[in-house]
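# Summary of structural features
The primary structure of each chain is shown beneath.
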Amino acid sequence: MSIRPTDTSEKEGMSVNSSGAMSFLQSLLPSAEQQEAAADLAREMCDPDEPAGQIQFSLEYNFNSSTLILKVIQAKGLPAKDIIGTSDPYVRVFLLPDKKHKLETKVKHRTLNPRWNETFYFEGYPLSKLQKSILYLSIFDYDRFSRDDPIGDVYLPLTDVDLSEKPCYWKCIRPAEDSKLGEILVTLLYIPRTGELSITLVKARNLKAKDITGYSDPYVKVWLHRGDKRIEKKKTRVHKKTLDPVFNETFRFVVPWEHIRETSFVITVMDYDTVGRNEVIGKVVLSSRSGPTETKHWGDMLSKPRIPGSQWHRLKSF
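This structure is a prediction, so every number in the text was calculated from the model and none was measured.

The next point concerns the sheet that holds strand 15 (residues 246-254). Taking strand neighbours across the sheet as the criterion, the 4 strands line up as 15-12-11-18 in an open arrangement whose pairing is antiparallel. The sheet is open, and its two borders are formed by strand 15 and strand 18 (309-314), each paired with just one other strand. Each strand axis lies, on average, 25° off the axis of its neighbour in the sheet, ignoring direction. As judged from the 6 bridges shared by strand 11 (residues 183-191) and strand 18, these two strands associate in the antiparallel manner. Paired with Thr-187 across the bridge in strand 18 is Ser-310. Strand contacts of helix 4 (residues 292-303): strand 11, strand 12 (196-205) and strand 18, with the helix running at about 170° to strand 18, the strand carrying the most contacts.

Scanning the entire structure with this criterion turns up 9 aromatic pairs. Judged by centre distance (4.8 Å) and plane angle (90°), the ring pair of Tyr-61 and Phe-63 falls under edge-to-face. Of the residues examined, Tyr-61 reaches a relative accessible area of 7% and is grouped as buried. Overall, the relative accessible area of 48% leaves Phe-63 in the partly exposed class. Between the NZ or CZ atom of Lys-129 and the centre of the ring of Tyr-125, over which it lies, the distance is 4.4 Å. A cation over an aromatic ring shows up here: Lys-234 above the ring of Phe-253, its NZ or CZ 5.9 Å from the ring centre.

As a further point, take the pairing of strand 16 (residues 263-271). The element strand 16 is largely enclosed, with a buried count of 9 among its 9 residues. Here strand 16 shows no split at all, with Thr-263, Phe-265, Ile-267, Val-269 and Asp-271 on one side and Ser-264, Val-266, Thr-268 and Met-270 on the other all buried. Note: strand 13 (residues 218-226) against strand 16, 9 bridges, orientation antiparallel. Following the sheet pairing, Val-222 is matched in strand 16 by Ile-267. Across 7 bridges, the pairing between strand 16 and strand 17 (residues 279-286) is antiparallel. Bridge pairing in strand 17 links Val-269 to Gly-282.

Here we come to the pattern of salt bridges. Summed over the entire model, instances satisfying the criterion amount to 8 salt bridges. The shortest N-O distance in the salt bridge between Arg-205 and Glu-183 comes to 2.9 Å. A residue pair is termed long-range when its members are at least 10 positions apart, and Arg-205 in strand 12 and Glu-183 in strand 11 qualify at 22 residues. As a salt-bridge pair, Asp-300 and Lys-296 come within 3.0 Å of each other at their nearest N and O atoms. Of this pair, Asp-300 and Lys-296 both sit in helix 4, 4 residues apart, which is roughly one turn of that helix.

This next bit is on the nonpolar core. Among the nonpolar cores identified, the biggest contains 30 residues, and Ile-55, Leu-59, Leu-70 and Leu-135 are the most heavily contacted of them. Those residues in contact with Leu-59 that lie beyond four places of it in its chain are Leu-68, Ile-69, Leu-70, Leu-135, Leu-156, Leu-158, Val-161, Leu-163, Lys-166, Pro-167 and Tyr-169. Judged by nonpolar contacts, the second largest core, of 28 residues, contains Ile-199, Val-255, Ile-281 and Leu-302.

So, about the environment of Asn-206. Relative to the elements of secondary structure, Asn-206 occurs in the loop between strand 12 and strand 13. As for Asn-206 and Ile-184, which are separated by 22 residues in sequence, their C-alpha atoms are 9.1 Å apart. Ignoring anything within four residues of it in the chain, the contact list for Asn-206 reads Leu-181, Gly-182, Leu-243 and Asp-244.

Moving on: the side chain of Thr-200. With respect to the helices and strands, the residue Thr-200 is situated in strand 12. Setting aside chain neighbours within four positions, we find Thr-200 in contact with Leu-185, Val-186, Thr-187, Glu-249 and Thr-250.

What follows concerns the sheet that holds strand 3 (residues 67-76). If you walk across this open sheet you meet the 4 strands as 6-3-2-9, and the pairing is antiparallel. The outermost strands of the open sheet, each flanked by one partner alone, are strand 6 (115-122) and strand 9 (168-172). Taking the axes of each pair of neighbouring strands and ignoring which way they run, one obtains an average angle of 25° across the sheet. Here 9 bridges tie strand 2 (residues 54-62) to strand 3, and the two strands are oriented antiparallel to one another. Note that in strand 3 the partner of Gln-54 across the bridge is Lys-76.

Helix length check: helix 4, at 12 residues, gives a terminal C-alpha distance of 16 Å against a target of 16 Å (1.5 Å per residue), a fit within 8%. Those residues of helix 4 that are buried lie in contact with strand 11, strand 12, strand 16, strand 17 and strand 18.

Our next topic: unusual backbone geometry. Residues Leu-96 and Pro-97 are joined by a peptide bond in cis, for which omega reads 15°. Within the secondary structure layout, Pro-97 lies in the loop between strand 4 (89-96) and strand 5 (98-104). In the Ramachandran plot, Asn-206 falls in the positive-phi region, its phi being about 55° despite a non-glycine side chain. A relative accessible area of 54% means that Asn-206 is categorised as exposed. Residue Arg-306 is not a glycine yet carries a positive backbone phi of 70°. Tracing the chain through its elements places Arg-306 in the loop between helix 4 and strand 18.

About the cut-offs
- Residues numbered from 1 in each chain as written.
- Predicted model: local features only at pLDDT ≥ 70, side-chain atom pairs only at ≥ 80, totals over all residues.
- Heavy atoms only, no water.
- Pairing = 2+ DSSP bridges.
- Helix = DSSP H or I, 4+ residues; strand = E, 2+ residues; numbered from the N terminus.
- Axes fitted to C-alpha atoms, helices over the stretch in contact; angles between N-to-C directions.
- Contact = heavy atoms within 4.5 Å.
- Phe/Tyr/Trp six-rings, centres within 6.5 Å; stacked < 30°, edge-to-face > 60°.
- Buried < 20%, exposed > 50% of the residue type's maximum accessible area, 1.4 Å probe, protein only.
- Lys NZ or Arg CZ within 6 Å of the ring centre and 35° of its normal.
- Salt bridge = Lys/Arg side-chain N within 4 Å of Asp/Glu carboxyl O.
- Core = buried A, V, L, I, M, F, W, Y, C linked by side-chain atoms within 4.5 Å.
- Expected span 1.5 Å × (residues − 1).

Listed below in structure tokens is the structure:
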């Protein structure tokens with residue numbers, strides 16, 4: 001068992017889905033009406049329609065010492081945040097509205113299904129105080145050279161929890177707000193006999209606006225990788241002033257069957273700029289070792305050769 005209290009000055013303490021929601025949670029006063037309103041808000045944030053994976057944790061309460069015991073066990077199905085199709089996840093833990101004291105798990109490298117099995121103790125919390133608190137788990141992707149990327153959050157109002165039962169949960173992770181960059185619809189087709197691998201970039205939707213006009217000028221670059229090596233690049237034409245472009249462009253590559261397992265597509269949606277540098281809107285990596293959605297699409301392509309398969313993919317900020 002372990003505990004890792006950390007100074008909140010080391011890094012920015014929280015990633016939140018809504019600044020208004022978080023400011024409300026932080027301004028909680030010990031009145032029954034505000035506690036109930038905060039709990040209702042947290043419940044609304046607990047069950048996302050499109051989760052960024054799931055996390056398992058358990059709770060226990062020592063009534064003699066007034067200590068809440070949290071065990072962060074594992075997560076599964078996390079989105080890939082690194083270009084190689086994995087993440088380096090860790091978890092930050094708070095008991096809102098107190099955001100001064102932050103606890104963290106260790107970083108688990110290159111995995112979308114980490115196992116932490118770490119235990120944390122919140123001492124000096126009488127039951128009456130806990131019932132006014134909200135357990136907040138924030139999952140991050142560690143980055144050695146830049147700011148850590150938020151993966152998503154979980155909120156659990158403790159007023160809803162019977163701590164005498166020592167509950168264990170699997171909770172869906174609500175995607176972090178800055179990961180909402182839009183989606184792209186992609187069709188894959190592979191013909192083993194000829195080694196022809198086709199990718200059709202059908203359309204995108206709800207892209208993040210990059211221009212002052214509130215729009216973007218999107219186009220897509222596709223790199224074919226073999227292992228860590230770039231092999232070939234294609235790109236679509238630019239679509240002006242839209243966040244919902246329709247591309248309908250197909251690119252064909254030759255990939256022999258013996259190389260298909262180490263092959264991947266790196267799809268980058270770009271915003272074209274006539275004056276400055278073109279900006280990245282978001283990326284998707286399709287391979288046999290990407291995130292759950294991406295891996296499923298790739299696996300369907302291999303299990304159903306000669307049959308085109310289409311799927312929407314959420315753009316990510318690698």
